[in-house]
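Structural overview for review
Listed here are the chains, written in short residue letters.
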Amino acid sequence: MSTSGRPVETVVEVDTRSLGTPISPDLFGAFFEDLNYAADGGLYAELVQNRSFEYGLADHPDWHALTAWELLERNGAAGWLTVSTDDPLHPANPHYAVLTSTTFAGAGLRNEGFDGIPVRAGETYDVSVFARLADGTADRMMARIESRDGEHVYGQARLGPIHGSWKRCAAVITCAVTDPDARFALTTLGTGTVHLDLVSLFPQATFKGRPNGLRADLAQAIADLKPKFLRFPGGCLAHGQGLGNMYRWSETVGPLHERRQQSNIWHYHQSMGLGYYEYFQFCEDIGAKPLPVVPAAVCCQNSEGTGQVGLPDEEMPAYIAEVLALVEWANGPADSHWGAVRAAAGHPEPFGLEYLGVGNEDALTDTFRDRFSRIHDALHEHHLEITVIGTLGPSTFGEDWEKGWAFARERSVPVVDEHAYKSPRWLLENTRRFDTMDREGPHLYIGEYGSRRNNGRSAIAEAAYMIAMERNGDVVRLASYAPLLAKRDHTQWLPDLIYFDNTHVWPTLNYHVQHMHSLNSGDAALPVTVTGTPQEPTAPESPRHTLHIGTGADTRAEFTDVSSSPLSGSATREFGNWQAESGIWEPFGQSGVRQTASGTGAELVLPDAVDGPSYTFSVRARKTDGAEGFVLGFAGTSPGNRCQWTLGGWGNRSTWLQRVDDGILDDLSERVPAGVETGRWYDLRVEVDGRRIRCFRDGELVHDDEDVRSDPEVFAVSAVCDSATGDVIVKIANATPDPVPVRLRPVGVDGDAGFARTTLTVPPDATSRFGPAPAVPVEDRLTGTVCEVPPHSFTVLRTRGGSTRGTGEEAGHSMRVGSESAEQG
Ligand code: AHR
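So, here is what we can say about the structure in this document. Since the model is a prediction, treat every value here as computed from it, not as a measurement.

1. Side note on the sheet that holds strand β1 (residues 10-15)
Taken in spatial order, the 4 strands line up as β28-β1-β47-β50 in an open sheet, and their pairing is mixed. Unpaired on one side and paired on the other, β28 (528-531) and β50 (786-789) mark the two borders of the sheet. Averaged over neighbouring strand pairs, the angle between their axes works out to 25° when direction is ignored. As paired elements, strand β47 (residues 740-747) and β50 share 4 bridges and run antiparallel to each other. Each bridged residue has a counterpart across the sheet, and for V742 the counterpart in β50 is C787.

2. Describing the sheet that holds strand β25 (residues 498-500)
The sheet built from 3 strands is open, its strands ordered β24-β25-β26 with mixed pairing. Pairing within the sheet leaves two strands with one partner each, and these edge strands are β24 (485-487) and β26 (505-507). For this sheet, the mean inter-axis angle between neighbouring strands, taken without regard to orientation, is 25°. Against the sheet, helix α1 (residues 216-224) makes contact with β24, β25 and β26, and its axis sits at roughly 170° relative to β25, the strand it touches most.

3. Describing the packing of helix α6 (residues 366-382) against helix α7 (residues 399-411)
Viewed as axis vectors pointing N to C, α6 and α7 meet at an angle of 35°, and their least axial separation amounts to 12 Å. For the crossing formed where α6 meets α7, the hand is right-handed. Between α6 and α7, the residues in contact are F368, R369, F372, S373, H376 and D377 and K403, F407 and R411, respectively. Among the residues forming the contact of α6 with α7, the class breakdown is 3 nonpolar, 2 polar and 4 charged.

4. Brief notes about the packing of helix α3 (residues 276-286) against helix α4 (residues 316-331)
Between α3 and α4, whose axes approach to 12 Å, the crossing angle comes to 50°. Between α3 and α4, the interaxial angle falls into the category oblique. The crossing of α3 and α4 is right-handed. In this structure, α3 uses Y276, Y277 and F280 to contact α4, whose residues at the interface are L326, W329 and A330. The residue makeup of the contact of α3 with α4, split by class, is 6 nonpolar, no polar and no charged.

About the thresholds
Residues numbered from 1 in each chain as written. Predicted model: local features only at pLDDT ≥ 70, side-chain atom pairs only at ≥ 80, totals over all residues. Heavy atoms only, no water. Pairing = 2+ DSSP bridges. Helix = DSSP H or I, 4+ residues; strand = E, 2+ residues; numbered from the N terminus. Axes fitted to C-alpha atoms, helices over the stretch in contact; angles between N-to-C directions. Contact = heavy atoms within 4.5 Å. Left-handed = near helix turned anticlockwise from the far one by under 90°. Nonpolar A, V, L, I, M, F, W, Y, C, P; charged D, E, K, R; others polar. Parallel < 35°, antiparallel > 145°, perpendicular 65-115°, else oblique.

Structure below.
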């Protein structure tokens, strides 16, 4: 025995003779959403920002049709630059630039790109513009890639002739210089007025050389993950901010200038240059199945001003036809109506769509159920080949989640989409949650998940959670980490899988975990027995608990009469010696404190304040001004590990209970709509009774929830068989701080033949975003069957062939090995 009381050696026994449990062939995929500048300025390779002059207030309060553009009046040139919507290039693209040059040395316009225009010496760039000569002699233009200061020309080409009606002019520029921060300019040759639209500078060196394609290095990073599927276009972007902002797939195919652009729910613009065609093409290029998500004819329930709204009844037939048209566009023959649109774009062969998500995180209201049912029924009637994916709302528990499951069962929806943005601890505590799923019921798509940090602790917890999915790959059918991409200086959501700027791509630790899992998937989960499993050390029985009071973001408040008493008994204790963790706190009245700072949340802590685990904690609180409300902390031993009651959180919209583990919050209760009124005193009381927490506001019970905990699986193991190769693959996520000596017993395989080993070892707090990950997977060979699994690590051990799968007792009469047995799984 070791000093920690567990056996010196952990034995991992894998029965490679068993047929095992089949694993979904599509288990690990990727999730793309245009968030954090993932599309325009990111994966979509266009270098000109606002190329169609469609930016506006709806995208961003400071934006207008000429954002990212400037008038050029060089070398004595003079002119002006305006915007018009008269007789546009296409009604879907109403704005265009009007450039007037009053001098023969022509005036021009110049684009700053997305944080500059990165160009490389020797590369070729397609330049194109739709132009119309309104008057004068300016029937030619010069297109130029130049330095930021305009002093150096890196490459140029003439465009024209320009006629009196809209015409596309195109040329190719070969760039002579590498510059991450170049500019693109167009100047007239002659005097007069030209109309310009869809001004494009596009590298020819896109991923797989596709015209109107994707940035090669970013696309390659996604391709390297070998995702089995790729979800698109989101996320919340799919159902949109209000009905008018729903993502309509049919408006994103066809010629670029006919695509309807719109504002992005994440507060910028969607050019739709990366539309459904480019998405399906990318899927095909990387061998991933497309998994599009269409709105369930309702917009996001968090839409400002409206909340969730359903499309009016009279619009439903057309909307349902639009969803059915997507299937025809993807799968129909080239001579079908929509198949012809696909063929005209360059893809006569069908794409082979199998999955279709309907809805994203929608509240399970009657409106949603009605709209979803109509779409689902139509798909069922016309396209039995499509597997429809429903939604369970935004969380892993609660009313929408429960209603979502019930509704899916009632309507026989084959797969439902659950989202789990959780702390590492939550993931480790919940690795067993799929074991008890109804094997006959709807299957699960864990459509968005991640453990809230780009550090080692999160990465290893995700590895363990994926092990849990793999062990249950018969019911967990699909899973995708989210979000995928985030650009430097435009990151709106943390964490993400891949960070980038205009010239770099930085895969994270979390990416390496996805990569290791994806490259080592199998088609059957084999029985594994682990003896001597490392456990988390047991916590002391009744520690003293820390209390805290605080304010939400940019909020000022006063607190008084803070006290605590044992649940049984009357000895009330009042406090004085608080410590400010953040904010500016000053005494107030007889025994109160006042928080006066702006900025992020503020908190005052009283360490070791009360004997756990049962007590009441009371305080009077009044918000004096600000955006949110109060936060009370309890039931824990430090600010980073406790429970908390948030009142007036989420922009003063909700009250709810959370638990905090290693500084990361997980919701314990549902969010109840309720804000905090400025100037009003509230009597707040929390009763902590072991794991049960009850919160009272002015004597009224607001929350009554349990902080249910289970033992985290800190040493998670799976074993799978890859029938195609006969390889047996063992995965081990060790989330403990200790090295673990392991003896492998692969029953039925010659273990002495050794294993190809890949190990990712990461200090739990090591983190990175815009830079190289602090660790990368290391490959070596394990000879024999004994190894030491490093602390905080994810290890993959792979035999080269040798599976005897199907020869054990469990296999009964069907005992075959190798690729032939794949059909059985
Ligand atoms: O991934 C970011 C967002 O998280 C998605 O848009 C939404 O579905 C979820 O809430």
